[in-house]
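Each chain, letter by letter, is given below.
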Amino acid sequence: MARKDLIAGNWKMHADHLEAIQMVQKLGYRLDPADYDRVEVVVCPPLTALRSVQTVIEADYLPIKLGAQNVHWEDQGAFTGEVSPPMLAKLNVSYVIVGHSERREMFGDDDAVVARKLRAVLGAGMTPIVCVGESLDQREAGVTEEVIGGQLHAALDGLDAATVAGLVIAYEPIWAIGTGRTADADTAAAACGYLREQVRGTWGEAADEARVLYGGSVNPGNVAGLMAKRDIDGGLVGGASLDPDKMAALVRYWV
Ligand code: 13P
């Protein structure tokens, strides 16, 4: 089964809700129906902008999907400051990023937390974008596959094949995030291919359907080379996704 390419913009902690409205409107002006036919387009604004961006998307009938950057694993309760999966689902959020290295490194999202969040996202009917990636030290020590394979299995083990087939996995080497130092297409494809083979080893043909994205300094200049790789089904984009012109160029990488 053909996998549809996916370009997701992770806006991180950028854009208040008014700026976010402008960003998604501008992106909408720049894309045509043919773009959406070819590529699934996702934006992940900060929490305070989710409702506003949802409203623009729905009012303007934009085929842009909404994503969230984080979530708690419980449906409700005394968890000051947290937001639950059903709350996101109620905003027509389709995707939720789990396991981003920034959350693993700065906010204590360890493998167990990532696994819980992933299951909670699935339970609320949304699709997790599960991120894995090695640090520079780990790459230089030659343990990249061990690290990303370990993170993948910690997050996914116990799920059934049909569920895994619907997942989005993002390979994001930490040394390439926000550094301008992209993994070259061969390096990125090798890691994405390794992740796909790990999926195949446990869940068989689910590996042909699950999408594997690359993330880390993706920009309009390097996107085509990355997307040409069979095992790379799209990008999870930080900095470049904040500029609607660049985000549109990423989506239209083949034009
Ligand atoms: P940059 O594209 O800014 O390197 O960020 C990548 C990323 O972390 C996306 O989640």
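None of the values given here were measured: they were computed from a predicted structure.

**Q** Sorry if this is basic, but what is going on with empty space enclosed by the protein here?
**A** Scanning all chains against the criterion turns up one cavity of 30 Å³ or more. If you add up the space inside the largest cavity, you get close to 40 Å³. Lining the largest cavity are W11, M23, L27, V43, S241, P244 and M247. Residue assignment for the lining of the largest cavity shows that the elements contributing at least two residues are helix 1 (17-30) and helix 13 (244-251). Split by residue class, the lining of the largest cavity holds six nonpolar, one polar and no charged.

**Q** Looking at this model, I keep getting lost on the sheet that holds strand 4 (residues 93-98). Mind explaining?
**A** Note: strands within a sheet are paired through backbone hydrogen bonds, in either parallel or antiparallel orientation. Spatially, the eight strands close up into a barrel ordered 1-2-3-4-5-6-7-8, and their pairing is parallel. Taking each pair of neighbouring strands and ignoring which way they run, the sheet shows an average axis angle of 25 degrees. Pairing geometry for strand 4 and strand 5 (residues 127-132), over four bridges, is parallel. Its bridge partner lying in strand 5, V98 is registered against V130. Of the strands in this sheet, strand 5 and strand 6 (168-171) touch helix 8 (residues 144-156), which is tilted by about 155 degrees from strand 5.

**Q** What am I meant to see in the packing of helix 1 against helix 13 here?
**A** Packed helix pairs are specified by the crossing angle of their axes together with the interaxial distance, meaning the distance between the axes. Relative to each other, helix 1 and helix 13 sit at 40 degrees, their axes nearing to 9 Å. The angle between helix 1 and helix 13 places the two elements in the oblique class. Once helix 1 is placed against helix 13, the crossing between them reads as right-handed. Contacts from M23, K26, L27 and R30 in helix 1 reach P244, D245, M247 and A248 in helix 13. Residues of the contact of helix 1 with helix 13, tallied by class, amount to five nonpolar, no polar and three charged.

**Q** Is there a simple way to think about the pairing of strand 4 in this case?
**A** Among the six residues in strand 4, five count as buried, and that is most of the element. Of the strand pairs in this sheet, strand 3 (residues 65-68) and strand 4 are connected by three bridges, and their pairing is parallel. Among the inter-strand pairings, L66 is bridged to a residue of strand 4, identified as V93.

**Q** Looking at this model, I keep getting lost on the site of the ligand. Mind explaining?
**A** Neighbouring the ligand are 13 residues, the closest being K12, H100, G178, S217 and G239. A distance of 2.8 Å is found between an oxygen atom of the ligand and a side-chain nitrogen or oxygen belonging to K12. At 2.8 Å, a side-chain N or O of H100 approaches an oxygen atom of the ligand. Contact with the protein chains hides 95% of the accessible area of the ligand, taken as 310 Å² for the molecule alone. In this structure, the ligand is accommodated by the second largest pocket. Here the shell around the ligand is built from residues that sort into four nonpolar, seven polar and two charged.

Parameters at a glance
Residues numbered from 1 in each chain as written. Predicted model: local features only at pLDDT ≥ 70, side-chain atom pairs only at ≥ 80, totals over all residues. Heavy atoms only, no water. 1 Å grid on protein atoms, 1.4 Å probe; cavity = no way out; pocket = protein on both sides within 12 Å on 5 of 7 lines; lining within 4 Å. Points joined across faces, edges and corners; volume = space filled by probe spheres on them. Helix = DSSP H or I, 4+ residues; strand = E, 2+ residues; numbered from the N terminus. Nonpolar A, V, L, I, M, F, W, Y, C, P; charged D, E, K, R; others polar. Pairing = 2+ DSSP bridges. Axes fitted to C-alpha atoms, helices over the stretch in contact; angles between N-to-C directions. Contact = heavy atoms within 4.5 Å. Parallel < 35°, antiparallel > 145°, perpendicular 65-115°, else oblique. Left-handed = near helix turned anticlockwise from the far one by under 90°. Buried < 20%, exposed > 50% of the residue type's maximum accessible area, 1.4 Å probe, protein only. Near = heavy atom within 4 Å. Polar contact = N/O pair within 3.5 Å; in protein donor to acceptor, adjacent residues only side chain to side chain. Areas by Shrake-Rupley, 256 points an atom, 1.4 Å probe, with all protein chains shown as cover. Sits in = over half its atoms within 2 Å of the grid points.

Function cannot be read off these values alone, since they describe shape.
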